[in-house]
Structure formats: C-alpha cells, structure tokens
Amino acid sequence: MRAATASPIPPSSPSAPAACRHCGDPCRTPIVTEDGTFCCTGCEAVFRILAAHDLGAFYACEIAPGVSQADAGTRDGGRFALLDDPAVAARFVHGAGQRDAIATFVLPALHCASCVWLLEQLYRFGSGIGRSEVDLLQRTLRVHFSPAVISVRALAERIAALGYEPLLDAERPAAEIPQSRRDLYLKIGVAGFAFGNVMLFSIPQYANGGPLDPEFQRLFNTLNLLFAVPVLVYSAADYFRGAWNAIRGRTMVLDVPIALGLVALFGRSVVDIAGGRGEGFLDSFAGLVFFLLIGRLFQQKAFEAIAFDRTMRSFFPLSVRVERNGTSEMTALEALRPGDVMALRPHEVVPADATLLDDRADLDYAFVTGESAPQEVRGGAAVAAGGRVIGRTLRAAVIRPVSHSRLAALWNHPVFARPKARWLTTVTARFGWWFTAGAVLLAVAGALAWWPDVAMALQVATAVLIIACPCALTLAAPIALGTAMGRLGTRGCYLKHPAVVLDLGRINAIAFDKTGTLTSASGDVQVRTAGLTAEDWCKVQRLAGESVHPISRAISGRGELVGQVSDVREAPGCGLTGCVDGTRVVIGRASFVATEAARLLPAGDDRTWAVVGDRAPGWISVEIEARPGITDAIRRLASRYRVWLLSGDAAHERSRWERLFGRQLRFRLSPEAKLAALSEHQAAATRVLMVGDGLNDAAALAGADVGLAVSDDTACLVPACDGVVRGERLQYLPEFLGYARLARRVIALCFVVSIVYNVLGLGLALAGRLTPLATAILMPLSSMTVIGLAAGLMRRAARELPA
Amino acid sequence: MSVIVLLIVAGGLVAAGFLGAFVWAVKTGQYDDTVTPPLRILFDDTRRPGRPPQP
C-alpha cells in the first residue's frame, strides 16, 4: 500500500499585516526599510525609482496609491519584444515622424490622481520622452516621444517599470476614441443651438400678449422652421431609427412613444405655420430633443463606467498548467506570458494563441467556428485561442497574452448560447408591448378629452407620450445588473450576462455536484492504492494525467509524469482507457473496468479500479477533502434554499454529506440522470441553480435555470453554463446569492420610484398642466434619480461582499 | 423692420460662430476626457515640455 498526500493550502495569517508603503496591500512577507514597509521587492523598486527622480510627491496626493508589484517577478522580461516588430508597434504609434511620434497605451492599473500625476512626469524617466497625457476614464496614456532616441519597446518597459503594465493585447486600438460619444455631443450642440434661437423668436409671441404684426409673425415662424429642421433630421435621428427598427423587428419598443411625440409636435407645427394659424410648438420640439439627448448622455456615461469595470478588472477564473524550469505549476490565465509552455489536457480550451510543440494534436474549434469536426494540427503550427483539446494532452508555447474579452466572446458564441428564458427579457418584451400600447391609448384618450381645443389636445398627447417613458425598466435594470455583474466578477464569480444576476436572485433551490465542486483536487487529497506495482502505478498516474476529472487529477498528483500515451478515450462519469508505452490501461468505476478490461470485479464496489495490461486489477481509493468553508456555506444556504446533492460518484461518502443535505442526496447519477432530476423539480415550479464542475454535469448546467461552473486548476470553458466561480470563492456563494437578491430589490425600488413619478406626471399631463417642454426637463431628472439609486445602492452593497 | 432683420442676422451669425466653435472643440477631442483635466490642475507643475528633446 502506498500513500500520496498532496500538500494543503497554507492558511492565511491570522494577525493583520502592515500595509505596503507603495500599494497599500497587506504585507504577508514584509520588507522593512527605513522608508517604510513594502509587500514585495517590486513595490520597493518602484518606490526607489520615484525617490531617485525626486517624485516623492506621488505619495502626497493619496495614501499608498501605487500598484502592487507582487507578481512582477513572474512576468517575462522579454514580453515587450514583440514591440520590436514594426507592424505591431504601428498599432500603438501614430503621427510617426523621426522626431515626434505619439504612442498610446492602455494601462489597466491606472486608478487615481497620483497615477495621473506620476505618468504625466514620464519625461523625467529618460531622454526622448516628451509630454504625456493620461485619460483616466479610458485608462489610456498618450506619450510624445522621439523614435530616433527611444524605441516603443523601451518606452513600454519604462512604463512597466513604474508598475503600470501596458496592455499589449488591446482589443481596440487605444488611440481610437469612441465616435458615438462625439456624435452625441454634436447632436446635443445642434439641438441646443436650435433650441436657443427658436426660443429667441418665440418669446416675442408669448410676451406680446396678442398676435404679432403678420410680417414679423411670418418671419419668425420661417426662421423657427429653418432652425427646427436640423433638429428633426440630425439630432433626433436616433429616436426615429430606434423606433423604426422596433416596429420592423417587433423587439424593443421604447423609442416608439418618443418618436410619435416628436412627429406629432413637428407635424402639427408645420401644418399650423403653413396654414397661417399660429406659431406651432417648435420651441417645445427643439427643447424636448435637447433635454432628451442630455438624459441620453448621462445614461451613456453611466454605462461606460460599468463597461469599464467589467472589461478591465474581472478575469476568467481559469488556470492552465505551465511548465517552467522543468517543473509544472498551475498558473492563472492573467499571469500567462508569451513564451510560457502550456500543457493542456483533453477538454481544456487553448486560452491564448500559441505554437504547437508536439508532433500533432487534435483540436475542436466549435467555440470559434461552430464546426465540431476535429481539426488536426501539425507540430510547429499555430494553435488559435478557443480550440478545445481532444484526445490527449498537448504542449504549446504561448505567442500572445490571454485576451479575456476574446474568451468572453467565445463563451458567448451563439452556437452555445442556447437561449435560456431570461426573466428580464421576457418581462421587458411583455412590458414593452403593454406599455407602448397603453401610452398611445392614453395619449389618444387625453387628446380626445380636450378635443375641441386642438392646441391643448396636442400638448396633452405629447406630454403623455414623453412622460410615460419607463426609465425604471430601460435604465434601472441594466445599471443595477451591470454593476452587480462587474462587482461579482472582481470577486471571483464571473457571469455571462447581466440578466443572470436577476435569475440568480430568483432561484429557490440549489443542486450541487460533489466531486470537483464541494471537494477540490487542489486541496487536501488522500490517495491509497492496493494491488498495483510501482511501475503500474506510474502508468495509471500517466493516463490519469490526460483527464481533467477531479479524481484523475488527484491520482495523477503534481509530480512529473513520464511515458507515451495514445488512444485515450474518456467515458464521462465512468472511466478512462488508453495505452501508456504500449500497455493498455483502464481506470474507472468497477462496472466500467469490468466491461472494458473483461475482468470480474465485485459488483456495487465504490472504489476506483485500475487494470494495467493483463495483470490483476488493483483498486484506488481517493478521499478528497471538502473545500474550506464549504460546509458552513451549505448550512447557511440550507436555511433559505432547498439544497440537493447530485453526484455521479459512488455513495461511500454518504454519511459525511448526509448531515448537510439530509435526505436530498443522490449518488451514481449519469449526466442524463442529473438533468432528469433537475427537470423533475423544475416542473414543480422550482427554479434551480446548478453548481457543478462542468465535466459530467454540462447537461445539468445547461438545463438548470442558472448553471454555475466551478473552476480550479483547469482551463475548461463550459459553454453551457451561465457563470464561472473560482473554486476557492465558492464558500462565499451565500453572499453572492444575497447580493443577487438585493439587485432584485433595488430594481423593484427603482420601479416604485419611477411609477410614482409616472403617475404624478401623467396626472398633471392629462390635466393639461404640463407642457411638453416641462416633461422634457422632468424626464432626465427622473432618469438620473433612478440611475443614481441603482448604481449607488449596488456599489454600497458590494462593499459588504468578501473581497 | 430692417433694423430687426439686421439684428437677427447679426445674432444668428454670433450664435453660428459659437456652434462652430463647439463643433471644432468636439472634433478636436476636447470632450473626450472630462475626468482627468480637472485633476491635472491640482498638481504643482514644474516644467511641461512641448516636444521631446531633439536627438
């Protein structure tokens, strides 16, 4: 008998460590100097650079404003070498002369006033560097430099040395400024210009008390019309486009009432003016568009802030095995650098563009192309990110760093995004229809009630159409859910879509997978074997190394594996067969091994069995400890939700889990049986969250109302799930769910606020007390209230989440 | 009447001038970043070079 014990995760230090002078992080291994305490040599180095350049004022604006350099040592020194390639460098440089060129870098670490100050002093850090400008919102730095003196690569290295790692894999060229925002400003400018001038010519007509001299009247009306036309065709174009698309596609219908109101105002004014019956409503029309656009600008800014949160700071919680200096270790995707050699097991996804080091490999590019037939790749050829490894482990050298947004795009590939009924979309669609119909009916009814007075009728109808805009639905939900998704992402729970937050808040039962979910192969593992020789055990370990199943990972351990593997075949939830150095090896549950290797094994045995060649079978018992904190988490979840355990494994650990789950335990479930078990409960109006590792419960993850895949030490991107949780963060599931429930309550609150506002506004509008202009001012105000409430409350609550 | 027309034309020209200035400001990127410049004025600046030193 042999025992192989993996080392447990080191416990975190109980006493609060000192804060780093540079970055403010707690110092686990403090470096104490006379200038202060630092958390790592990287932080100390940056502090020294700044002191040497007389830039100590960096620490004066904010307390410990620096960027932690704790992982600086793991970065590859030559990672900027690709900037020597003129084609690559050209993506960062524009306006290139020999004397003065401008380089733009995206620096995700930029975060405060001190960063701005420091990076705008960049010219002090070397000759050839000129003026530099930071855009804090876009996280970009523009540097004037002289290419004859300093190369782009050297420039990037200078910036990185200060602790601001330039993003070399920016999805959009950093120099590109979002054109839509400039367009919006221009539209607002034109609308404001027209509004001011139209008001100028309208005031005499109001102030005069009686009708104006016909000559003036005609002149003013003509001028007003001239000013109003650009507002109609340019500034308000988006509303008409939106409404037109909505009518054609029958999807989003919230621009329709606004467009209707605008057409009514403008058309009526033209008819009035042409018929010489008065001055029309062009002042209201121009003002309305002006204030609506201002509301839209505010909304766009709020969304940008959220998008920024999401793109820059949350990473896919996946990791790959990287071979460095003869040893291999699990590395988080964001720490992967060009040149690293990855060993990817079957089922894992190639996270970054790489070159194949093996002779050949099979990859499934369904993620990228939707085509599921495997492709053969020859040694030395490029392997594009997004391929899923088939057959056996491959080794590949990373060419480009991981692009998280590209992974996200793969994950959201329509081939896999089997439409799940999202509560938000159903509600929005239904509500949108009712709402538009209701608003139009109400406007018509209001107009009819005032009918003999045509001017009043039109004013009431327009005011109703404008004021009824449901800002709670269009603004509160995206803002609250987007904020929630971003905050959960930074805490190790990465969701596919903001609407998942809402569904997460509505579940009332949770089903857990056991192995790999509640237990972790990277934690404390006890492996005992009997009946296998040392040589055979090595072969078994080698074959197990080809699988990402938690038990296989426990068997293969963390040591170096030797031997040639071929013909690997994995039966999910059953076992694994393959040839190691020409000897056939079968590992798996008793029934699987009995069939595959044609041996007689005790029926109903719970251990894992292995047969090597034609030798006698041996058994392996793998005991994987529960993740730290998980039992407590389940206990807390059980007080609110129904919790079940759906395991594909044997029942030998039953007693351990019975205390937590009571009778809701089911073992030996095939992937199909797991799905069937879920569907049973779903039929009984239960909304189920499935938490699994995605290996043999992919169907259940897809079938559940929300499927969360737990990931540790693998690069398995489960396409069917709605979110990925980092393994060690699973213990905070109760907090995550609590936060998701809060998002629901915040949205409900916004609804109440907005309904109160709408009812008040509609009442006033129907009574004819509200001019369209007044509604146009009130509407952005209510939108701002709702946005402020949604974003503010979600951010506040996020502070309570475990960091 | 003619005075008013003159005033209107003059007023319109002034307003159009401001609109033109606004369009220019937007097109040259002055509205692209409204977060950093307010921070920038808080720093005591020593020297701000326009171009990099010539080789």
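Keep in mind the model is a prediction, meaning the values are calculated, not measured. (Residues numbered from 1 in each chain as written. Chains lettered and ligands numbered in written order. Predicted model: local features only at pLDDT ≥ 70, side-chain atom pairs only at ≥ 80, totals over all residues. Heavy atoms only, no water.)

## A word on the overall build of chain B
Here's step 1: Tallying secondary structure elements over chain B gives two helices and zero strands in all.
Here's step 2: Burial status across chain B gives 24% buried among its 55 residues. (Helix = DSSP H or I, 4+ residues; strand = E, 2+ residues; numbered from the N terminus. Buried < 20%, exposed > 50% of the residue type's maximum accessible area, 1.4 Å probe, protein only.)

## Observations concerning the overall build of chain A
Here's step 1: Helices and strands together make up the secondary structure of chain A, namely 26 helices and 29 strands.
Here's step 2: Going through the 803 residues of chain A one by one, you find that 54% of them count as buried.
Here's step 3: The contacts in chain A between residues at least 6 apart in sequence include a share of 67% that link residues at least 24 apart.
Here's step 4: Summed over all atoms, the accessible surface of chain A reaches about 33,600 Å², with 59% contributed by carbon and sulfur. (Contact = heavy atoms within 4.5 Å. Areas by Shrake-Rupley, 256 points an atom, 1.4 Å probe, with all protein chains shown as cover.)

## Observations concerning the sheet that holds strand 4 (residues 93-94) of chain A
All names here are of chain A.
Here's step 1: Pairing within the open sheet is antiparallel, and its four strands lie in the order 4-5-7-6. Every interior strand has two partners, whereas the edge strands, strand 4 and strand 6 (129-135), have only one.
Here's step 2: Of the pairings in the sheet, the one linking strand 4 to strand 5 (residues 101-106) comprises two bridges and is antiparallel in character. Looking at strand 5, one finds that His94 is bridged to Ile102.
Here's step 3: Against the sheet, helix 5 (residues 152-161) contacts strand 4, strand 5, strand 6 and strand 7 (140-145), and its axis sits at roughly 45° relative to strand 5. (Pairing = 2+ DSSP bridges. Axes fitted to C-alpha atoms, helices over the stretch in contact; angles between N-to-C directions.)

## So, the nonpolar core
Residue and element names in this part refer to chain A.
Here's step 1: Formed by 59 residues in total, the largest nonpolar core has its most connected members in Leu262, Phe285, Val289 and Leu293.
Here's step 2: Setting aside anything within four residues of it in sequence, one finds Phe285 in contact with Ala228, Val231, Leu232, Leu262, Leu265 and Phe266.
Here's step 3: Counting residues in each nonpolar core, the second largest holds 57 residues, with Ala476, Cys493, Leu645 and Leu730 among its members. (Core = buried A, V, L, I, M, F, W, Y, C linked by side-chain atoms within 4.5 Å.)

## A short note on the sheet that holds strand 9 (residues 327-332) of chain A
Strand pairing in a sheet relies on backbone hydrogen bonds. The paired strands run either parallel or antiparallel.
Residue and element names in this part refer to chain A.
Here's step 1: Pairing is antiparallel in the open sheet, where six strands are placed in the order 9-8-10-16-11-14. The sheet terminates laterally at strand 9 and strand 14 (382-383), the two strands that pair on one side only.
Here's step 2: Bridge count for strand 8 (residues 319-324) against strand 10 (residues 341-344) is three bridges, and the pairing is antiparallel. Residue pairing across strands places Val322 opposite Met342, the latter belonging to strand 10.

## Section: helix 18 (residues 534-544) of chain A
Residues separated by three or four positions in an α-helix point in the same direction, a consequence of the helix having 3.6 residues per turn.
Here's step 1: Counting buried residues along helix 18 of chain A, eight of its eleven residues qualify, which places the element largely inside the surrounding structure.
Here's step 2: Within helix 18 of chain A, the full set of buried residues consists of A:Asp536, A:Trp537, A:Lys539, A:Val540, A:Gln541, A:Arg542, A:Leu543 and A:Ala544.

## Some details on the side chain of A:Asp513
All names here are of chain A.
Here's step 1: Counting through the fold element by element, Asp513 comes out in the loop between strand 18 (509-512) and helix 17 (514-518).
Here's step 2: In terms of polar contacts, Asp513 uses its side chain to reach the side chain of Thr517, at 3.2 Å.
Here's step 3: Within the structure, the side chain of Asp513 is placed 3.0 Å from the side chain of Lys674, a separation counted as a polar contact.
Here's step 4: Beyond its immediate stretch of four places on either side in the chain, Asp513 contacts Leu518, Leu645, Leu646, Ser647, Gly648, Lys674, Met690, Val691, Gly692, Asp693 and Asp697. (Polar contact = N/O pair within 3.5 Å; in protein donor to acceptor, adjacent residues only side chain to side chain.)

## A short note on the pattern of salt bridges
Residue and element names in this part refer to chain A.
Here's step 1: Summed over the entire model, instances satisfying the criterion amount to 16 salt bridges over all chains.
Here's step 2: Salt-bridge contacts for Arg395 lead to Asp358; the nearest nitrogen and oxygen are separated by 3.9 Å. Here Asp358 lies in the loop between strand 11 (354-356) and strand 12 (360-364) and Arg395 lies in strand 16 (residues 394-398), a separation of 37 residues in the sequence.
Here's step 3: Residue Asp358 is classed as buried on the basis of its relative accessible area of 18%.
Here's step 4: For Asp632, the salt bridge goes to Arg636, with nearest N and O atoms at 3.8 Å. Of this pair, Asp632 and Arg636 both sit in helix 21 (residues 630-638), four residues apart, which is roughly one turn of that helix.
Here's step 5: Owing to a relative accessible area of 36%, Arg636 belongs among the partly exposed residues under this scheme.
Here's step 6: Because the salt bridges share partners, they merge into one network encompassing Arg360, Asp362, Glu376 and Arg378. (Salt bridge = Lys/Arg side-chain N within 4 Å of Asp/Glu carboxyl O.)

## Quick notes on the packing of aromatic side chains
All names here are of chain A.
Here's step 1: Taken as a whole, this structure holds twelve aromatic pairs over all chains when the rule is applied.
Here's step 2: With a centroid separation of 5.5 Å and an interplanar angle of 25°, the aromatic rings of Phe201 and Phe220 are classed as stacked. One end of the pair, Phe201, is in helix 6 (residues 179-207); the other, Phe220, is in helix 7 (residues 214-235), and 19 residues separate them in sequence. Residue Phe201 shares its accessibility class with Phe220, and that shared class is buried.
Here's step 3: The rings of Phe193, Phe201, Phe216, Phe220 and Phe227 are connected pair by pair, giving a single aromatic cluster.
Here's step 4: Just above the ring of Tyr234 sits the side chain of Lys187; from NZ or CZ to the centre is 5.8 Å. (Phe/Tyr/Trp six-rings, centres within 6.5 Å; stacked < 30°, edge-to-face > 60°. Lys NZ or Arg CZ within 6 Å of the ring centre and 35° of its normal.)

## Looking at the pairing of strand 5 of chain A
Two faces make up the sheet, and in a regular strand the side chains alternate between them.
Residues and elements named next belong to chain A.
Here's step 1: With six of six residues buried, strand 5 is to be regarded as a mostly interior element.
Here's step 2: In this sheet, strand 7 lies alongside strand 5 in antiparallel orientation, the contact comprising six bridges. Residue pairing for strand 7: Phe105 is matched across the bridge by Leu141.

## Quick notes on the confidence of the model for chain A
Residue and element names in this part refer to chain A.
Here's step 1: Across chain A, the average pLDDT comes to 78, with 85% of residues at or above 70.
Here's step 2: Under a pLDDT of 50 for its full length, residues 1-14 has, in the predicted model, 24 contacts with residues more than four places off or in other chains.
Here's step 3: Long-range and interchain partners of residues 171-175, a stretch whose pLDDT sits below 50, account for nine contacts in this model, where long-range means more than four residues apart. (pLDDT = per-residue confidence, 0-100.)

## Some details on the environment of A:Thr222
Residues and elements named next belong to chain A.
Here's step 1: Position of Thr222 among the secondary structure elements: in helix 7.
Here's step 2: A relative accessible area of 45% means that Thr222 is categorised as partly exposed.
Here's step 3: Spatially, the C-alpha atom of Thr222 lies 9.5 Å from that of Ala274, the residues being 52 residues apart in sequence.

## Observations regarding the environment of A:Gly128
Here's step 1: Positionally, A:Gly128 belongs in the loop between helix 4 (113-119) and strand 6.
Here's step 2: As a C-alpha pair, A:Gly128 and A:Ser146 span 18 residues in sequence and 5.0 Å in three-dimensional space.

## Topic: the packing of helix 6 of chain A against helix 7 of chain A
If you want to describe how two helices pack, look at the angle between their axes and the distance between the axes.
Residues and elements named next belong to chain A.
Here's step 1: Contact geometry of helix 6 with helix 7 gives a least axis separation of 9 Å together with a crossing angle of 165°. Taken as axis vectors, helix 6 and helix 7 run roughly antiparallel relative to one another. Crossing handedness for the pair helix 6 and helix 7: left-handed.
Here's step 2: Across the contact of helix 6 with helix 7, the residue classes break down as 14 nonpolar, seven polar and two charged. (Parallel < 35°, antiparallel > 145°, perpendicular 65-115°, else oblique. Left-handed = near helix turned anticlockwise from the far one by under 90°. Nonpolar A, V, L, I, M, F, W, Y, C, P; charged D, E, K, R; others polar.)

## Overview of a nonpolar patch on the surface
Residue and element names in this part refer to chain A.
Here's step 1: A cluster of nonpolar side chains, Phe298, Ile777, Leu778, Leu781 and Met784, forms an exposed patch at the surface whose accessible area comes to about 390 Å².
Here's step 2: With four residues, helix 26 (residues 772-798) is the largest single contributor of residues to the nonpolar patch.
Here's step 3: Along the chain, Phe298 falls in helix 10 (residues 282-313).
Here's step 4: Taking relative accessible area as the criterion, Phe298 reaches 35% and is therefore assigned partly exposed. (Patch = residues over 30% accessible without salt bridge, like charges linked within 9 Å, V, L, I, M, F, W, Y side chains within 5 Å.)

## A look at unusual backbone geometry
Here's step 1: In the Ramachandran plot, A:Asp581 falls in the positive-phi region, its phi being about 50° despite a non-glycine side chain.
Here's step 2: In this structure, A:Asp581 sits in the loop between strand 21 (575-580) and strand 22 (583-589).

## So, the side chain of A:Lys674
Here's step 1: By secondary structure assignment, the location of A:Lys674 is in helix 23 (residues 671-683).
Here's step 2: When neighbours within four sequence positions are excluded, A:Lys674 is seen to be in contact with A:Asp513, A:Leu646, A:Ser647, A:Gly648, A:Leu669, A:Asn696, A:Asp697 and A:Ala700.

## A look at the pairing of strand 10 of chain A
Residues and elements named next belong to chain A.
Here's step 1: Side chains of strand 10 alternate between two faces, with Val341 and Ala343 and Met342 and Leu344 buried alike.
Here's step 2: As paired elements, strand 10 and strand 16 share four bridges and run antiparallel to each other. Considered in strand 16, the bridge of Val341 is made with Ala397.

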